[in-house]
Amino acid sequence: MQPPENTAAGTLYIVATPIGNLEDITLRALRILKEVDLIAAEDTRHTRKLLNHFAIHTRLLSYYREKEMDRGREIVARLQAGENVALVSDAGTPGISDPGAVLVRLARQAGVPIVPLPGPSALTTALSVAGLEQGAFLFLGFLPSQKSQRRKVLTSLKSCDYPIIFYESPQRIEGLLADALDILGNRLALWARELSKSFEELREAQLSELQALAAGRQNKGESVVIIHPGGADAPEGDNIEELLCWYRDHSGLSLKDACRKLAADLGLSRSQIYQQALAIWKSGDGRPPD
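Report follows, based on the coordinates. Remember, it's a predicted structure, so these values are computed and weren't measured experimentally.

Our focus in this paragraph is the side chain of Ser121. Relative to the assigned elements, Ser121 resides in the loop between strand S5 (114–117) and helix H5 (122–127). Residue classification places Ser121 among the buried residues on the basis of a relative accessible area of 7%.

Attention now moves to the packing of aromatic side chains. Considering all chains together, one arrives at two aromatic pairs under this definition. With centroids separated by 5.0 Å and ring planes inclined at 70 degrees, the aromatic side chains of Phe139 and Tyr167 adopt a geometry described as edge-to-face. Within this pair, whereas Phe139 is found in strand S6 (residues 138–142), its partner Tyr167 is found in strand S7 (residues 164–168), the two being separated by 28 residues in sequence. Judged by relative accessible area, which is 23%, Phe139 ranks as partly exposed. Judged by its relative accessible area of 9%, Tyr167 falls in the buried class. A centroid spacing of 5.6 Å and a plane angle of 65 degrees characterise the contact between Phe142 and Tyr167, whose relative ring orientation is edge-to-face. Within this pair, whereas Phe142 is found in strand S6, its partner Tyr167 is found in strand S7, the two being separated by 25 residues in sequence.

Take the sheet that holds strand S4 (residues 85–88) next. The strand order across the open sheet built from five strands is S3-S2-S4-S1-S5, with neighbouring strands paired in parallel fashion. Both edges of this open sheet fall to strand S3 (59–62) and S5, since each of them pairs with a single strand only. Strand after strand, the sheet turns through a mean of 25 degrees between neighbouring axes, direction not considered. Of the strands in this sheet, strand S1 (12–15), strand S2 (38–41), S4 and S5 touch helix H1 (residues 27–35), which is tilted by about 140 degrees from S5.

Take the packing of helix H10 (residues 255–266) against helix H11 (residues 270–283) next. Axis separation between H10 and H11 bottoms out at 9 Å; the angle between their running directions is 135 degrees. As far as their axial angle goes, H11 and H10 are oblique. Our pair here, H10 against H11, has a crossing hand that is right-handed. Contact residues: H10 offers Leu255, Ala258, Cys259, Arg260, Leu262 and Ala263, while H11 offers Arg270, Ile273, Tyr274, Ala277, Leu278 and Trp281. In terms of residue class, the contact of H10 with H11 is made up of 10 nonpolar, no polar and two charged.

Okay, the sheet that holds S7 next. In space, the five strands of this open sheet follow the order S6-S7-S10-S8-S9, with mixed pairing throughout. One side of each edge strand has no neighbouring strand; the edge strands of this open sheet are S6 and strand S9 (201–206). Averaged over all neighbouring strand pairs, the angle between strand axes comes to 15 degrees, with direction disregarded. Taken together, the three bridges between S6 and S7 define a ladder with parallel strand orientation. Residue Phe139 lies in a different strand from S7, and its bridge partner there is Ile165. Those strands touched by helix H7 (residues 173–184) are S7, strand S8 (188–193) and strand S10 (223–227), and its axis lies near 10 degrees from that of S10.

Calculation criteria
Residues numbered from 1 in each chain as written. Predicted model: local features only at pLDDT ≥ 70, side-chain atom pairs only at ≥ 80, totals over all residues. Heavy atoms only, no water. Helix = DSSP H or I, 4+ residues; strand = E, 2+ residues; numbered from the N terminus. Buried < 20%, exposed > 50% of the residue type's maximum accessible area, 1.4 Å probe, protein only. Phe/Tyr/Trp six-rings, centres within 6.5 Å; stacked < 30°, edge-to-face > 60°. Pairing = 2+ DSSP bridges. Axes fitted to C-alpha atoms, helices over the stretch in contact; angles between N-to-C directions. Contact = heavy atoms within 4.5 Å. Parallel < 35°, antiparallel > 145°, perpendicular 65-115°, else oblique. Left-handed = near helix turned anticlockwise from the far one by under 90°. Nonpolar A, V, L, I, M, F, W, Y, C, P; charged D, E, K, R; others polar.

Bear in mind that shape data such as this cannot, by itself, settle questions of function.
Shown next, in the form of structure tokens:
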């Protein structure tokens, strides 16, 4: 969609840049980067290398996560004054696990035209070789760096019926694969590393094999990990208390959702089992309370 021709405000362009191979940049992206008044970049030093390669001399302004709000307001003021601005991240599409969301919201609130330019993304690049027949998936970007928080998120995904996709840094990829194996089980997964770069690597295997590979070498470059759904586990137990224990320890459901699911399966009202469920959730030892 073209921006309005007669407007006092400039236009904010969201420009995707290569995730590795510089030949992946689009002709449209090159034209916009040359024509705008300013390029807001996650890391100006990194973006300068890209611009130099294509002989682009547009002014640069740093726009990084720690200063998103302050720089966002500054950029919106420039846009309202009539300047055209392109937003780029270090690689890929801005706003997907990279800075950009704050500026987009501020620009939209200010009534500034926003034009997205399609282009490279590690997410879609990895998906294209994952062989997923279903169109649905769950993308979670980077998981928390703290182990306990990462494991908490993974636990909540145990019953997810869709492929789950993560980004991960080279320093934490072994930990992610180990925790995923421990919590989700030995599922089939695709590990895509250094996409479009010289040492691109695509490996599809069970999580146990990928975790052993990550543990046995020094890992370089950011990764995309796509984990396939596990088999549907049937709840185990001979009575309501044992079934509630199973839901608490294996389903990843909250107390409220477990009561709703079990009540529907048994043809009971949630109120009939809620107090039992509350006691079992509080016991936390894997056994029905005495």
